[in-house]
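Inside the fold
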Amino acid sequence: MRKIDITVPVTEYSYDELSHDDRHLVDLAREATFRSYVPYSHFHVGAAIRLDNGEIVCGSNQENVASPSGTCAERSACYYAGARYPEARFVKIAIAARGTDGEYTDEPCAPCGACRQALLEYELIAKHPVPVILCGKDRFYVLPSVAATLPLAFTEF
């Protein structure tokens, strides 16, 4: 038997410590939370993805009474990016959330498992690590890649 420890490198920043470009991505992810349609959970999520062609694509979660027919913000953004700019590759993603009280979550919000897997697909297409910014109210976690959010990921048959 051999024990294997898996660790995930996370760097915590304040808003002011983020680069100008990262603050812009965070701002767009936060703005996207106001375009979510969440009449059931009242949990607003927004995502912003910077592409290598200079475009930034945003998405927000969209619920449906026939759950789980809705979609998360991260998949909304990444599938739109793939459909709208199929030649572009992901550079970085920011994810923000507002809780049922309407305020940004104190803790940085991580994507669900399905979104992690979908984002990983686009990181594999990009052929380079795609950093992830998880946004909280005053703290921001930066992970070096989508793969870091999904240790032991399913990548191929």
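Computed from a predicted structure; not experimentally measured.

What to know about the pairing of strand β6 (residues 140-143)
Both strand β1 (residues 11-13) and β6 contribute to a ladder of three bridges, which runs antiparallel. Note that in β6 the partner of E12 across the bridge is Y141. One ladder, built from four bridges, connects strand β5 (residues 132-135) with β6; its direction is antiparallel. If you follow C135 over to β6, its bridge partner there is F140. Hairpin geometry of β5 and β6 is characterised by an intervening segment of four residues between the two adjacent antiparallel strands.

Focus on the environment of E103
Mapped onto the elements of the fold, E103 is located in the loop between β4 (90-98) and α3 (113-126). Here E103 falls in the partly exposed class, since its relative accessible area comes to 47%. With 34 residues separating them along the chain, E103 and K137 place their C-alpha atoms 8.1 Å apart. The contacts of E103, once residues within four sequence positions are left out, are A97 and R98.

Looking at the environment of Y80
Following the sequence through the fold, Y80 ends up in helix α2 (residues 73-84). On a C-alpha basis, the gap between Y80 and G136 in space is 24 Å, while along the polypeptide they are 56 residues apart. Apart from residues lying up to four places away in sequence, Y80 is in contact with V57, R75 and Y85.

A short note on the layout of surface pockets
The computed volume of the largest pocket comes to approximately 300 Å³. Taken together, 18 residues form the lining of the largest pocket, with N61, E63, G70, T71 and C72 sitting closest to its centre. Considered class by class, the residues forming the lining of the largest pocket number eight nonpolar, seven polar and three charged.

Some thoughts on a negative patch on the surface
On the surface, D101, E103, D106 and D138 cluster together to form a negatively charged patch. Judged by relative accessible area, which is 58%, D101 ranks as exposed.

Parameters at a glance
- Residues numbered from 1 in each chain as written.
- Predicted model: local features only at pLDDT ≥ 70, side-chain atom pairs only at ≥ 80, totals over all residues.
- Heavy atoms only, no water.
- Pairing = 2+ DSSP bridges.
- Helix = DSSP H or I, 4+ residues; strand = E, 2+ residues; numbered from the N terminus.
- Buried < 20%, exposed > 50% of the residue type's maximum accessible area, 1.4 Å probe, protein only.
- Contact = heavy atoms within 4.5 Å.
- 1 Å grid on protein atoms, 1.4 Å probe; cavity = no way out; pocket = protein on both sides within 12 Å on 5 of 7 lines; lining within 4 Å.
- Points joined across faces, edges and corners; volume = space filled by probe spheres on them.
- Nonpolar A, V, L, I, M, F, W, Y, C, P; charged D, E, K, R; others polar.
- Patch = residues over 30% accessible without salt bridge, like charges linked within 9 Å, V, L, I, M, F, W, Y side chains within 5 Å.
- Areas by Shrake-Rupley, 256 points an atom, 1.4 Å probe, with all protein chains shown as cover.
- Salt bridge = Lys/Arg side-chain N within 4 Å of Asp/Glu carboxyl O.
- Lys, Arg positive; Asp, Glu negative; His and termini not counted.
- Charge placed at Lys NZ, Arg CZ, Asp CG, Glu CD.

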